[in-house]
Amino acid sequence: MAHFVKVNSQNIVEATYVIANNELLDEDGNEDEARGINFCKRLFGSGTYLQTSYNTYANKHFDADNNEDSGTPFRKNYASLGYIWDADNNGFHEPQPYASWTLDTNSLAWEAPILFPKYDKDYWWDEDAYQEDNTTGWVEIEI
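The sections below set out a description of the structure shown in this document. (Residues numbered from 1 in each chain as written. Predicted model: local features only at pLDDT ≥ 70, side-chain atom pairs only at ≥ 80, totals over all residues. Heavy atoms only, no water.)

### What to know about the sheet that holds strand β3 (residues 48–52)
Then, number 1: Judged by pairing direction, the sheet is antiparallel, and its three strands sit side by side in the order β2-β1-β3 without closing on themselves. Every other strand in the sheet has two partners, leaving β2 (13–19) and β3 as the edge strands with one partner each. Pairs of neighbouring strands in the sheet enclose a mean axial angle of 30°, with direction left out of account.
Then, number 2: Sheet strands touched by helix α1 (residues 33–44): β1 (2–7), β2 and β3. Its angle to β3, the strand with the most contacts, is close to 130°. (Pairing = 2+ DSSP bridges. Helix = DSSP H or I, 4+ residues; strand = E, 2+ residues; numbered from the N terminus. Axes fitted to C-alpha atoms, helices over the stretch in contact; angles between N-to-C directions. Contact = heavy atoms within 4.5 Å.)

Written out as structure tokens, the structure is:
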């Protein structure tokens, strides 16, 4: 199965589609994005369609068990509804989650201005706390 999205005039993903591979294969049995785009246009109407990879996140390829592998990442991130198509960086990214976060143009992943504290606890980002004191921002979730 291949995944395609439709982006609007603001480059925002407005629809996602799963297409059977046999609609994409060329005469030699190789996947061809142009065939998928043409299929989407015939089935769903005119628009801008792009292929996305279910196995790509932060410009890394992951296997079926969600382990990073040696596969080739495709378009930086798997695109979902509301994601943004960045043609300059040939990839998709989420909308900016917080005003203080910056976009890494290699991975098209948003990065907090402060490193995540520990992976053995749960945290959430408090933008107001960061704006008041830019040495804080991650707040531990009390369970």
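### Observations regarding the side chain of T56
Then, number 1: By the secondary structure assignment, T56 is in strand β4 (residues 56–57).
Then, number 2: What makes T56 buried here is its relative accessible area of 3%.
Then, number 3: The residues touching T56, leaving out its near neighbours within four places in the chain, are H61, P73, F74, K76, N77 and Y78. (Buried < 20%, exposed > 50% of the residue type's maximum accessible area, 1.4 Å probe, protein only.)

### Here's the deal with the layout of surface pockets
Then, number 1: By volume, the largest pocket amounts to about 270 Å³.
Then, number 2: Taken together, Y57, A58, K60, N77, Y83, E94, P97, W101, S107, L108, A109 and W110 make up the full set of residues lining the largest pocket.
Then, number 3: Residue classes in the lining of the largest pocket are distributed as eight nonpolar, two polar and two charged.
Then, number 4: Approximately 190 Å³ is the volume attributed to the second largest pocket.
Then, number 5: Around the second largest pocket, the lining residues are W101, W110, E111, A112, I114, L115, F116, Y119 and W138.
Then, number 6: Within the lining of the second largest pocket, the residues separate by chemical class into eight nonpolar, no polar and one charged. (1 Å grid on protein atoms, 1.4 Å probe; cavity = no way out; pocket = protein on both sides within 12 Å on 5 of 7 lines; lining within 4 Å. Points joined across faces, edges and corners; volume = space filled by probe spheres on them. Nonpolar A, V, L, I, M, F, W, Y, C, P; charged D, E, K, R; others polar.)

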